Amino acid sequence: MFKSSATGGRYKNLRGCCFETVRFLGRWVGVGVGVGVGVGVGVGVGDGVRDARHLSPSAQEALRLRGVAALVAGRSRQDVAAVCGVTLKTVNGWWAKWQAGGREALLMRSRGKPVGVHQVLGEAEQGAVRQVVLDYRPCDVGLSGQLWTRRLVGELIAELYPVRLSGPGVGKYLRRWGLSFQRPDKRAVEQESQAVRRWHEESWPAIRAKARKDGGQVLFADQVGIRCDQVTGRTWGEKGRTPVVRRSGNRYSVNAMSVISTNGRVHFMVFAESFTAAVMCRFLDRLVGQFDHKVHLVVDGHPAHCSRKVRDWLAAHLGDVELHFLPPYSPDLNPGELVSADLEHSLPRQHRARSQAELA
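Residue numbers run consecutively from 1 along every chain, following the written order of its sequence. Local features in a predicted model are, by the rule used here, given only for residues with pLDDT of at least 70; side-chain atom pairs are given and counted only at 80 or more, and totals for whole chains, interfaces and linings are based on all residues. The side-chain numbers reported here are obtained from all heavy atoms of the structure, hydrogens and water having been left aside.

Undergrad: Account for the overall build of the protein, with residues named and values stated.
TA: A run of H or I in DSSP becomes a helix once it reaches four residues, and a run of E becomes a strand once it reaches two; helices and strands are each numbered from the N terminus. From N to C terminus, the protein includes eleven helices and seven strands. Here's how the labels work: a residue is buried when its accessible area is under 20% of the maximum for its type, exposed when over 50%, partly exposed in between, all with a 1.4 Å probe on protein chains only. A total of 360 residues make up the protein; the buried ones form 37% of that total. Any pair of residues with heavy atoms lying within 4.5 Å of one another is described as a contacting pair. Considering only intrachain contacts with a sequence separation of at least 6, the fraction spanning at least 24 residues in the protein is 63%. Accessible surface, the protein: about 22,500 Å² in total, of which carbon and sulfur atoms supply 51%. Using a 1.4 Å probe, the Shrake-Rupley method yields the accessible areas, and only the shown protein chains count as cover for residues.

Undergrad: Would you mind going over the layout of surface pockets in detail, with residue names and values included?
TA: Points on a 1 Å grid over protein atoms alone make up a cavity when a 1.4 Å probe fits among them but cannot get out, and a pocket when they form an open set with protein on both sides within 12 Å along at least five of seven lines; lining residues each have an atom within 4 Å of a point. Grid points are joined across faces, edges and corners, and a volume is the space filled by probe spheres set on the points. Considered as a void within the structure, the largest pocket measures approximately 1,000 Å³ in volume. Surrounding the largest pocket, 26 residues form its lining, Val-133, Gln-146, Leu-147, Trp-148 and Pro-184 being those nearest its centre. Elements represented by at least two residues in the lining of the largest pocket include exactly α4 (123–135), α5 (150–160) and α6 (167–176).

Undergrad: Help me get a handle on the pairing of strand β4 (residues 253–261), residues and values and all.
TA: For β4, the buried fraction is high: eight of the nine residues fall into the buried class. Strand pairing requires that DSSP identify at least two bridges connecting the strands. Adjacent in sequence and paired antiparallel, β4 and strand β5 (residues 266–271) are bridged by four residues, among which Gly-264 carries a positive phi angle near 95°.

Undergrad: Residues and numbers for helix α7 (residues 193–214), please.
TA: Helix span, as expected, comes to 1.5 Å for every residue beyond the first. The terminal C-alpha atoms of α7, which comprises 22 residues, lie 30 Å apart, in line with the 32 Å expected from a rise of 1.5 Å per residue. One fitted axis covers the seven residues ending at a residue, a second covers the seven starting there, and the bend at that residue is the angle between these axes. Along α7, the largest kink reaches about 50° and is centred on Trp-199. Considered for burial, the residues of α7 that qualify are Ala-195, Val-196, Trp-199, Trp-204, Ile-207 and Ala-211. One or two steps after α7, the chain reaches Gly-215, where phi turns positive at roughly 70°.

Undergrad: Report on the packing of aromatic side chains, specifying residues and quantitative values.
TA: What describes a pair of aromatic rings is the distance from one ring centre to the other and the angle between the planes of the rings. Pairing of aromatic side chains here covers Phe, Tyr and the six-membered ring of Trp, requires ring centres within 6.5 Å, and sorts the geometry by plane angle: under 30 degrees stacked, over 60 edge-to-face, intermediate tilted. For the coordinates displayed, the defined rule picks out five aromatic pairs. A centroid spacing of 5.4 Å and a plane angle of 50° characterise the contact between Trp-204 and Phe-220, whose relative ring orientation is tilted. A residue pair is termed long-range when its members are at least 10 positions apart, and Trp-204 in helix α7 and Phe-220 in strand β3 (residues 217–227) qualify at 16 residues. Residues Phe-271 and Phe-275 carry aromatic rings whose centres are separated by 6.2 Å and whose planes lie at 35° to one another, so their mutual orientation is tilted. The residues Phe-271 and Phe-275 share a single accessibility class, namely buried. The structure contains a cluster of three or more aromatic residues connected by ring pairs, namely Trp-199, Trp-204 and Phe-220. Its guanidinium or amino end placed over the ring of Tyr-173, Arg-176 lies 5.4 Å from that ring's centre, counting from NZ or CZ. Charge over a ring is defined by NZ of Lys or CZ of Arg lying within 6 Å of the ring centre and within 35 degrees of the ring normal.

Undergrad: An account of the packing of helix α2 (residues 77–84) against helix α3 (residues 88–101) is requested, with residue identities and associated values reported.
TA: Closest axis-to-axis distance for the α2/α3 pair is 9 Å, and the angle between their directions is 110°. Taken together, the axes of α2 and α3 lie roughly perpendicular to each other. Crossing angle aside, the handedness with which α2 passes α3 is right-handed. On the side of α2, the interface is formed by Arg-77, Gln-78, Val-80, Ala-81 and Cys-84, while α3 contributes Leu-88, Val-91, Asn-92, Trp-94 and Trp-95. All residues other than Ala, Val, Leu, Ile, Met, Phe, Trp, Tyr, Cys, Pro, Asp, Glu, Lys and Arg, Gly among them, are scored as polar; the first ten of these are nonpolar and the last four charged. Considering only residue class, the contact of α2 with α3 consists of seven nonpolar, two polar and one charged. To obtain each axis, a line is fitted to C-alpha atoms, and for helices this fit is confined to the stretch in contact; angles are then taken between N-to-C directions over 0 to 180 degrees. For classification purposes, angles smaller than 35 degrees are called roughly parallel, those larger than 145 roughly antiparallel, those between 65 and 115 roughly perpendicular, and all remaining angles oblique. What makes a crossing left-handed is the near helix being turned counterclockwise from the far one by less than a right angle; a clockwise turn instead makes it right-handed.

As structure tokens, then:
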């Protein structure tokens, strides 16, 4: 086995290394190293040697390893410096690092200051600001607006602590806290948290248990309207010139009533008139014909759902359909809203109808 007194046996830290050819800035360097019975090195250099400082950190790491491998194989330091496009002082530094720490000393390390060093806000202060951003709106803490921006977070920090940060500085803190700039979901201010809690803890478990006992199925219902002039989604276009979508100048719409089961099966009915109690009864007639067991239908508080005509229909079909009502102002509890949202956004994006019949 090859061993040199100059290396003191440290070449074994490069055992098993085999590096691919690397090209940088018009220059090729190829070095292959195998350690076993002997060591072989091949170097090819093209014209136009450039400054290795222009390489990426990972390419510089590969270059250091190749340079040290060439030194171990017997190349002179002057040759390695010429081949690698570095100074003799740099090659000497590579050799000194390798002798002191082996291969690990030549590997790439992160540059700059470690994360968290010299931060103007301490850990406790950062945690307090982050919690305020997550739990409150700006208007709840004496600021303007309902949505947090970097400017408002900076104003919050300035009010809580004697620190004033720039917008980019606030952004760095927000990203470090694991936060991102998002479009928020909407919740009605009239929604009652206690009613939502009762739905999760009492009403919904009771509906599922009753459906299992009856051998029935739970369905969630919702209504949606589609307009011919509705434009959803985005498209690519030239900067400064808004793309144009051609549509009919006439305005017409259709409505749809849909239900979705807990396993994702969907039933729907399309109609042109407004949603009324008569339409609801017609939909229930069609729905009953699709099932040979009882349906537990979960609906919102639309006036048509609570009308006398619908109540009379339900009284005449006690063994077929039973209605259950969601808490007021709680569309987020209805999976049927997802069906409506998908239809409302995807249909106009895929097809542009020229008449109400075509839209239906």
